[in-house]
Amino acid sequence: MKNLIDKLYKNNYLDFDEIVYILNHIENQGKDYLIEKAHETRMKTYGNKVYMRGLIEFSNYCTKGCKYCGINSFNKNVERYRLSLEEIQECSELGYSLGYRTFVLQGGEDNYYSDDMIVEIIKEIKNKYKDVAVTLSLGEKPYESYEKYYNAGADRYLLRHETASKELFEKIHINTDYNNRIESLWNLKKIGYQVGAGFMVGIPTQTKEDLAKDLLFLKELDPEMVGIGPFIPHKDTIYKNQQGGTLEDTITMIALTRLFLPHGLLPATTALGTIDPLGREKGIKAGANVVMPNLSPTTVREKYSLYNGKICTGDEAAECRNCIEKRIVSSGFSIDMSRGDNIKWRQNN
Ligand code: SAM
Ligand code: FES
């Protein structure tokens with residue numbers, strides 16, 4: 001085990017069988033060693049900094065039917081909301097005054113917001129603040145739309161691949177095509193975005209082999225960011241009685257991803273903080289280096305309910321910021337409020 005981890009630490013690569021071996025045999029000591037090596041790697045690339053991003057969840061309308069997701073189009077129990085362009089700007093103003101220099105605009109796949117409207121939102125933020133990065137997370141769009149947003153000033157795009165197993169992907173989605181999702185990620189790269197892929201850990205029926213495919217896919221795509229979180233059941237989905245992903249497995253995947261992609265920006269996700277009160281701190285100690293506190297108005301927070309028990313739904317933006325800062329500092333890390341680009345991407349652009 002130790003030999004394999006050392007090999008990964010040195011080469012930032014293992015083959016499929018080696019990854020599966022690690023996932024099948026890693027136990028306490030091996031896990032501690034893996035986390036130690038992941039931590040060492042992040043210290044070499046980004047030091048002890050944790051980058052803060054302000055998250056604006058601007059719409060919970062969605063045309064997609066992802067079977068695991070609480071706001072999928074089939075869920076009739078969701079109270080749907082959309083933020084107006086003015087409300088989105090107010091969130092960014094509040095965020096800027098709290099020190100954020102990256103805004104992540106996330107929503108369901110909601111055609112109410114035309115390309116022109118999205119372009120307007122991006123332009124307004126970028127014209128107002130010269131030192132801010134805009135990250136979009138709007139799902140799958142045609143190449144031309146991605147290009148319009150990029151030309152309007154969008155810097156980054158988050159689009160988790162969810163799972164790199166085509167078979168599992170098809171099992172958990174209704175009207176989403178695996179090939180289109182993967183192609184969208186390559187399109188985003190080609191256009192010039194800093195790209196965020198990512199996956200869920202503990203999806204019903206997911207195997208160690210599926211998770212090994214995730215790491216190999218990431219190595220091939222070489223994204224600037226990777227969002228990894230546990231699957232958590234939602235009460236209104238067909239997976240409501242399934243087991244969710246565990247803290248242990250998610251931490252292992254974060255640490256392995258750090259070793260595969262030493263320069264990656266890896267969030268300690270809200271989902272991780274939801275399954276364990278110290279989940280985000282544990283994620284950071286295992287190589288994660290981004291947190292995404294919420295800037296959405298508290299009146300809509302609960303409505304953006306992707307899974308059961310989501311944390312921080314009642315806290316004002318300022319409280320979230322302070323709470324997370326305290327958690328990071330008490331774990332021995334320091335917060336960085338700058339726009340925090342991927343350093344490898346910076347060197348090449
Ligand atoms: N619509 C955009 C998209 O598809 O990329 C962004 C919004 S989507 C809700 C954001 C992410 O939430 C998904 O990529 C998925 O990984 C995660 N998510 C959805 N349901 C979840 C669940 N039940 N447990 C954990 N994560 C979930
Ligand atoms: Fe569209 Fe979840 S199904 S955001």
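Residues numbered from 1 in each chain as written. Chains lettered and ligands numbered in written order. Predicted model: local features only at pLDDT ≥ 70, side-chain atom pairs only at ≥ 80, totals over all residues. Heavy atoms only, no water.

It is worth spelling out the pairing of strand E1 (residues 49–52) at this point. Where E1 and strand E9 (residues 334–336) come together, three bridges link them in parallel fashion. Along E9, the bridge assignment pairs Val 50 with Ile 335. As paired elements, E1 and strand E8 (residues 290–291) share two bridges and run parallel to each other. The residue bridging Tyr 51 from the neighbouring strand is Val 290, located in E8. (Pairing = 2+ DSSP bridges. Helix = DSSP H or I, 4+ residues; strand = E, 2+ residues; numbered from the N terminus.)

Under the counting rule described, the total for this entry stands at 25 salt bridges. When the shortest N-O distance is used, the salt bridge between Lys 282 and Asp 276 registers 3.2 Å. Linking Arg 321 and Glu 325 is a salt bridge whose minimum nitrogen-to-oxygen distance equals 2.6 Å. In this pair, Arg 321 and Glu 325 both sit in helix H14 (residues 317–330), four residues apart, roughly one turn of the helix. A relative accessible area of 12% means that Arg 321 is categorised as buried. (Salt bridge = Lys/Arg side-chain N within 4 Å of Asp/Glu carboxyl O. Buried < 20%, exposed > 50% of the residue type's maximum accessible area, 1.4 Å probe, protein only.)

In the vicinity of ligand 1, 18 residues are found, and the nearest of them are Tyr 68, Gly 107, Arg 160, Glu 162 and Ile 232. A distance of 2.9 Å separates a nitrogen atom of ligand 1 from a polar atom in the backbone of Tyr 68. With respect to ligand 1, the backbone of Leu 306 contributes an N or O atom lying 3.4 Å from a nitrogen atom. Protein chains shield 92% of the accessible area of ligand 1, which is 560 Å² for the free molecule. Considered class by class, the residues forming the shell around ligand 1 number 10 nonpolar, five polar and three charged. (Near = heavy atom within 4 Å. Polar contact = N/O pair within 3.5 Å; in protein donor to acceptor, adjacent residues only side chain to side chain. Areas by Shrake-Rupley, 256 points an atom, 1.4 Å probe, with all protein chains shown as cover. Nonpolar A, V, L, I, M, F, W, Y, C, P; charged D, E, K, R; others polar.)

Here the structure, examined in full by the defined rule, presents 10 aromatic pairs. Ring geometry for Tyr 96 versus Tyr 129: centroids 4.0 Å apart, planes at 10°, classification stacked. Of this pair, Tyr 96 sits in helix H4 (residues 85–97) while Tyr 129 sits in the loop between helix H5 (115–128) and strand E4 (133–137), and the two are 33 residues apart along the sequence. According to the relative accessible area criterion, Tyr 96 is partly exposed, its value standing at 23%. Considering the side-chain rings of Tyr 146 and Tyr 157, the 4.9 Å spacing of their centres and the 70° angle between planes classify their relative orientation as edge-to-face. In this pair, Tyr 146 sits in helix H6 (residues 143–151) while Tyr 157 sits in strand E5 (residues 156–158), placing the two residues 11 residues apart along the sequence. Relative accessible area serves as the criterion here: at 0%, Tyr 146 is assigned to the buried category. (Phe/Tyr/Trp six-rings, centres within 6.5 Å; stacked < 30°, edge-to-face > 60°.)

The biggest cluster of nonpolar side chains holds 97 residues, and the ones touching the most others in it are Leu 105, Leu 136, Tyr 149, Tyr 193 and Met 253. Among the elements that make up this core, the one with the highest residue count is helix H10 (residues 247–260) (eight residues). Among the nonpolar cores identified, the runner-up in size contains nine residues, and Leu 55, Met 225, Val 290 and Met 292 belong to it. (Core = buried A, V, L, I, M, F, W, Y, C linked by side-chain atoms within 4.5 Å.)

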